[in-house]
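# Chain and residue survey
Spelled out, the chains give:
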Amino acid sequence: MTMQATPGQLVGQRVRRREDPRLVKGRGSYVDDMKLPGMLHLAFKRSDVAHGIIRSIDTSAAEAMPGVELVLTGAQLAEIIPPMPVATPFPAPDHHAVTPDRVRYVGEPIAVVVATDRFLAADAADVIEVDIEELPAVIDPERAANGDPAVIHEAFENNLAVPFAPAGTGVNPETLEVEDESALNEAFENADVVVSQRMFSQRLVPNAMEPRGVIARFEPGNDELTVWSTTQNPHIARTLLAAILGMGQHQVRVIAPDVGGGFGSKINVYGEDFAAAAISRDIGRPVKWIEDRSEAFMTTIHGRDVIGYIDLAATGEGKVTAVKMRLIADIGAYEMVLTAAIPTLVAFMISGVYDIPVVRAELTEVFTNKMPTDAYRGAGRPEGIYFLERAMDMLASELGMDPADVRRVNFIQPDQFPYTTAGGMVYDSGEYERLLDQALENAGWEQMKADRDAARAEGRIVGLGMSFYTEICGFGPSAAMPTVGLWEHASVSVERDGKVRASSGASSHGQGHETTFAQMLADDLGIPMDDISIIHGDTGQVREGTGTFGSRSQVVGGTALLMASGKVKDKMRVFAAQMLETQPGDLSFSDGMIGPTGQEDTGVAFAEVAGFAYIPIPLPPDTEPGLSEEAFWEPEGFTWPFGCYITQVEIDRDTGELELQRFVGVDDCGNVINPLIVAGQIHGGIAQGVGQALTEEAVYDEGSGQLLTASFMDYQIPRARDFPRFELDHTVTPSPLNPMGVKGIGEAGTIGSTPSIVNAAVDALSGHGVEHIDMMLRPEKLWRLIQGGDA
Amino acid sequence: MIPSAFDYQRAGSIAEAIALKQGAEGDARFIAGGHSLIPLMKLRLAEPSLLIDISGIPGLSGVSEDGGRVSIGALTTHAELESDSVLLASAPVVAEAAGEIGDQQVRNRGTIGGSLAHADPASDLPAVVVALDASIHIAGAGGERTVAAGDFFSGLFEVDLAEDELITSVSFDAPSQAAYAKLRHPASHFAIVGVAASLTVEGGVCTGARVAVTGASTHAQRLGAVEEALTGSSLDDDAIAAASAAADVDDVNADLAGSEEYRQAMTRVFTGRAIAAAAAR
Ligand SMILES: Cc1cc2nc3c(=O)[nH]c(=O)nc-3n(C[C@H](O)[C@H](O)[C@H](O)COP(=O)(O)OP(=O)(O)OC[C@H]3O[C@@H](n4cnc5c(N)ncnc54)[C@H](O)[C@@H]3O)c2cc1C
């Protein structure tokens, strides 16, 4: 391993996750574990048709059931809350928590039942009679974009969400006018080779282990609303809930207790959350709703679903001269909080790790009768990198070049950083060729190729794949999400006994903040990790925050914590200097002592200084008693980790079943705080990326608009036995944009693994004349290609 | 995912289970491992008013062998079949097929009786009992009866079993050489196609063959043309290839996991694999 890390006693160490004993022994506390006195339960009556007009709803049978307290139709709920908010700056169709008039996807809520227990609520929802006049289901996005077979929102002609253009990709974002195309045209006219392919990054279901859930408790006595939610970002949830309910932010508290995964699907604040809050306020009692797994498949946001028409121009030596992507994003029936913004990230990825002089992306977002899409692990970057890395492999095979070489000749060079892509993205740092060489060496690339060729000579269908990704991490600055802001907040308080309570607006839902943040602070403050508690996930305890998504917690949240810690240390130095009769500037923190740098052990104990700060007799001049500081940190720009994944697959000639035989990865996420947690993030990420390549696809029936893959019996998330041992390694290229030099690793595995697997499968079938295969790589699809047919 | 309300009673004997069933108003159902019935209830595709739990009835569980005749109690779980020493010695094909069912949790709960009674078109054990020419022993109010496995399965979820009858056990002669080969559904692990082959070989010549497929069509069924092609053959590669090429089913299932054409082709592939494995035993 070439692992390096910032020096420190704990930073860089494989410290075991402090939260795991609690979580794996069933001692965590999730929303569904909570029971409040007087609590009622919600169940939603949901549409079983994809598209139609509600003609009538009969709730009388439900209302007559003993224990049913209230039944509200969408129209009735719409009288107490307005349509839901979006956080994107584009016009969006009205989207009600519970639809008042029309259904637009299977699973859309039509009415809500409030009852004394969950089972009764479900029974009551079952007997609500709804008469829906069915309209044709709009499923194919390319047909939908011509208004065929129906228009879903009257205000959005031809089902086109408002057209917009990502900055710097050839269309003026203000005027939407196409900028000068001559450079693009010239590049394609002068190209020695052009690769063109329609590709598809299919729709996926996020499948967090814990489904969504909410408890809302409005206290009429003091007009305060507390919401327990499975959210990734309690502060954003608080802001949106307050806005929709017409309450002050000081009256709304959102608590995210232990949350069992999200993968982006829990960024969003959903109709059920708004409905629960509004109903609790209306009836003055706490209410709870817990999503079941069927609902999770149908009504939690989906990811991806982007078609890309990719054109790539290159010289005979493999140097890419231009890339064009025409993107069609099927965003489903409505816009959720970030829906419209996610496909813009696909366009941001257009250059990948390559120095490409001319790029151009066009993006169309289309409404269909499906669950809306939004952020799902990688959110836009997997699609972009998949399109580009597939096209790079197609270029390699067109030119008969080694896939490693075609990448090598196009890399952005280390001395070009900070590098601005032709699309206007600014990359912080990178050393791609060094990492490629490491990956090739670890894989034994030449030997792998020889082995593949030998296997082929025996008639086996073996292929090798490669991908080289970069991606956007550390989401901030605020300009990247002007409706919400993208800083992070932190506080560090040293208690009277020298123990530390630190808080972060980043809200862990499985990532391990309690460990990495404590490691970092322990080193910074020179005290044991066990003396530090990390608080997150409660707007009542954490003053402000943005949240955990976009691989931003360590980069943005970690830096904010370090800044707050720095402020506390400055203050402790003042108290310690008085105690030691020296100058504050000379003092450092080590091993529980504060003393002259290098001789901290001759100073005074950290805990003693803490005690003195709270009983400061005499109080140092110009100093307040106490040790509690906070910080907001706004990053300057995104961080860009990168990596290379090399894979080997073998396909069963008789059945088309694909076996993933090797997975060699080298990642560079800058400095590593905890290699164990980084490895965990990479493993999980790879699993999800391989899932997209091989086994996962949300399929809606063309005719009926039903979700055909609405359970784990039909939708396969990969299992441990589907994987070989991951052979992982790192290089370290610190980010210059934050003091720890970290870059983020939460999504990298997902982004890099998918194209590597598909590239390997295409390589395996290259002898059968195959140039491209759309995901997922169903055995039948591969079998047909082996038979010489079309997939 | 929340079933509608139902009553629940535990039966202490076969007679009590049948009496409860006959006395019940509305839709009463037996429940054994619950791993077919409960998923249907959670989706409200089944809404029984009463569940009669037969899983505690004594004497309906376990495997025994007497003079080459193997008998399996209806309540024996897939996990028990998978590791049963009698089966591993006398009829490893049953253990092999049971070990391919679902995942560990499913195998720990699901029973052979439930699997045969439910007769999911993609379940594994029906093909095995048909290939083994097993007898299915049934108890009802009027007494006991026995049906040949080949006659038991008749259509999609259709079996020769009255509402108030229980499967009590399954018995068969220990096969001389039998094997099961399966293409698993990637998500559920049910059989997209599963083939069981049981062969009798004398002096290098196949003198008898029973081959049955599941997953491909509405119900488990014999592949007559394959059996014919095998009988009298030497079971070499060419003979196996020729016999499996004869595999053909009607009413082929089609879904996301496999079109008709794919399932037909896979029936041939897995027929070949099952025969080859049986021949090698
Ligand atoms: C995730 C999952 C994966 C699965 N994968 C597979 C697979 O790969 N292959 C496979 O073959 N199966 C699979 N199954 C099904 C599993 O094997 C079931 O357990 C089995 O089919 C039914 O057995 P049971 O004891 O659970 O029956 P139950 O669910 O209790 O009952 C099923 C039906 O049979 C009736 N019944 C039960 N016992 C008797 C009896 N003795 N006499 C008369 N009627 C009876 C019940 O009334 C009910 O109608 C899977 C199930 C799940 C949930």
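Everything numeric in this text was worked out from a predicted model, so none of it was measured. Sequence order as written defines residue numbering, which begins from 1 separately in each chain. By the order in which they are written, chains take letters starting at A while ligands take numbers starting at 1. Thresholds applied to this predicted model are a pLDDT of at least 70 for local features of residues and 80 or more for the giving and counting of side-chain atom pairs; totals over whole chains, interfaces and linings are not thresholded and use all residues.

### Digging into the domain arrangement of chain B
Residue and element names in this part refer to chain B. Domain boundaries shown here were taken from an automatic or database domain assignment. As assigned here, chain B comprises domain 1 (7-52), domain 2 (63-173) and domain 3 (177-279). The centre of domain 1, based on its C-alpha atoms, is set 20 Å off from the matching centre of domain 2. C-beta atoms are first placed from the backbone for all residues, and any pair lying within 7 Å is then listed as a contact. Opposite the 11 residues of domain 1 that make contact, domain 2 presents 16 residues. Secondary structure is summarised from DSSP: a helix means a run of H or I of at least four residues, a strand means a run of E of at least two, and numbering begins at the N terminus for each. Broken down by element, the residue count for the side of domain 1 that touches domain 2 peaks at five residues, all from helix α1 (residues 14-23).

### Quick notes on the environment of A:Q688
All names here are of chain A. Residue position: Q688 is located in helix α18 (residues 675-694). In sequence terms Q688 and F575 are 113 residues apart; their C-alpha atoms lie 51 Å from each other. Every residue in contact with Q688, bar those within four places of it in the chain, is listed here: R377 and T750.

### Some words on the interface of chain A and chain B
Across the contact, 20 residues belong to chain A and 15 residues belong to chain B. When contributions to the side of chain A that touches chain B are tallied by element, the ones reaching two or more residues are α4 (118-126), α9 (293-299) and α20 (779-786) of chain A. With five residues, the single largest contributor to the side of chain A that touches chain B is α4(A). For the side of chain A that touches chain B, the residue count by class is eight nonpolar, four polar and eight charged. Side-chain classes are defined by residue name, with Ala, Val, Leu, Ile, Met, Phe, Trp, Tyr, Cys and Pro counting as nonpolar, Asp, Glu, Lys and Arg as charged, and the others, Gly among them, as polar.

### Here we look at the sheet that holds strand β12 (residues 303-314) of chain A
All names here are of chain A. If you walk across this open sheet you meet the four strands as β7-β12-β13-β14, and the pairing is mixed. Edge strands, defined here as strands with exactly one partner in the open sheet, are β7 (193-204) and β14 (358-367). Across the sheet, the mean angle from the axis of one strand to that of its neighbour is 10°, orientation sign disregarded. Its contacts with the sheet put helix α6 (residues 182-190) on β7, β12, β13 (320-332) and β14, and the angle it makes with β13 is roughly 115°. Geometry is summarised by axes, namely lines fitted to C-alpha atoms with helices restricted to the contacting stretch, and by angles between N-to-C directions that run from 0 to 180 degrees. Helix α11 (residues 381-399) rests against β7, β12 and β13 of the sheet, and its axis sits at about 145° to β7. By the convention used here, strands pair only if DSSP detects at least 2 bridges between them.

### Considering the site of the ligand
Residue and element names in this part refer to chain B. By nearness alone, 33 residues border the ligand, and G33, G102, G110, G113 and G114 come closest of all. Mapped onto the shell around the ligand, the elements with two or more residues apiece are β2 (28-31), α2 (37-42), α6 (104-109), α7 (112-118) and β10 (166-173). Of the residues contributing to the shell around the ligand, the split by class is 14 nonpolar, 15 polar and four charged. Nearness rests on one distance test: the residue's C-beta atom, set from the backbone, must lie within 6 Å of the molecule or strand.

### Looking at the nonpolar core
Each nonpolar core consists of buried Ala, Val, Leu, Ile, Met, Phe, Trp, Tyr and Cys residues. Their C-beta atoms, within 7 Å, join them into a set. Once C-beta atoms are placed from the backbone, each residue is buried if 20 or more other C-beta atoms lie within 10 Å of its own, exposed if 12 or fewer, and partly exposed for counts between those two. In terms of nonpolar packing, the biggest core is built from 335 residues, with A:V113, A:L521, A:A761, B:V128, B:A196 and B:A197 touching the most fellow members. Considering each element in turn, this core owes the most residues, 11 residues, to helix α16 (residues 553-580) of chain A. For B:A196, the residues in contact, after removing those within four places along its chain, are B:V93, B:A97, B:A127, B:V128, B:A131, B:A178, B:Y180, B:A212 and B:A274.

### Some points on the domain arrangement of chain A
Residue and element names in this part refer to chain A. In terms of domain boundaries, chain A breaks down into domain 1 (20-27 + 487-633), domain 2 (34-135 + 209-261 + 266-299) and domain 3 (303-475 + 637-786). The straight-line distance from the C-alpha centre of domain 2 to that of domain 3 is 37 Å. If you look at the interface, domain 2 gives 20 residues, while domain 3 gives 21 residues. Of the residues that constitute the side of domain 2 that touches domain 3, the class distribution is 12 nonpolar, seven polar and one charged.

### Considerations on unusual backbone geometry
All names here are of chain A. Residues D148 and P149 are joined by a peptide bond in cis, for which omega reads 5°. Of note, P149 is situated in the loop between α5 (141-144) and α6. A positive phi angle, near 55°, is found at D223, a position not held by glycine. As for its position among the elements, D223 is in the loop between β8 (213-219) and β9 (224-229). The phi torsion at D622 lies on the positive side, around 55°, for a residue other than glycine. Among the secondary structure elements, D622 is positioned in the loop between α17 (606-614) and β24 (628-633).

### Brief notes about the pairing of strand β17 (residues 461-470) of chain A
All names here are of chain A. Of all 10 residues in β17, 10 are buried; the element is thus mostly enclosed. Burial along β17 is two-sided: the face carrying I461, G463, G465, S467 and Y469 and the face carrying V462, L464, M466, F468 and T470 are both buried. Note: β17 against strand β25 (residues 642-651), 10 bridges, orientation antiparallel. Its bridge partner lying in β25, S467 is registered against Y645.

### A look at helix α13 (residues 432-443) of chain A
Given 3.6 residues per turn, any residue in an α-helix points the same way as the ones three and four places further on. Residue and element names in this part refer to chain A. A helix's residues, less one, multiplied by 1.5 Å, set its expected span. Taking 1.5 Å of rise per residue, 12 residues should cover 16 Å, and α13 covers 16 Å from first to last C-alpha, within 8% of that figure. Here α13 has its buried residues at Y432, L435, L436, A439, L440 and A443. Burial along α13 is one-sided: seen end-on, the buried residues are contained in an arc of 135°. In this structure, the buried side of α13 is in contact with α12 (403-408), α14 (445-457), β17, β25 and β26 (658-668). In this description, one arc is meant: the one made by directions from the helix axis to the C-beta atoms.

### Notes on the sheet that holds strand β12 (residues 191-202) of chain B
Residue and element names in this part refer to chain B. Pairing within the open sheet is antiparallel, and its four strands lie in the order β11-β12-β13-β14. Both edges of this open sheet fall to β11 (177-184) and β14 (221-222), since each of them pairs with a single strand only. Of the strand pairs in this sheet, strand β13 (residues 205-214) and β14 are connected by two bridges, and their pairing is antiparallel. Paired with V213 across the strands is Q221, a residue of β14.

### Some words on the pairing of strand β19 (residues 500-504) of chain A
Residues and elements named next belong to chain A. Burial analysis of β19 places four of its five residues in the buried class, the great majority of the element. Sheet topology places strand β18 (residues 488-494) next to β19; five bridges connect them, and they run antiparallel. Bridge pairing in β19 links S491 to S503. Between the antiparallel neighbours β18 and β19 lie five residues, among them G498 with a positive phi of about 90°.

### Considerations on α4(A)
Among the residues of α4(A), those classed as buried are A:L120, A:A121, A:A122, A:D123, A:A124 and A:A125. Considering only its buried residues, α4(A) is in contact with β1 (40-46), α2 (60-63), β3 (68-73) and β5 (109-115) of chain A.

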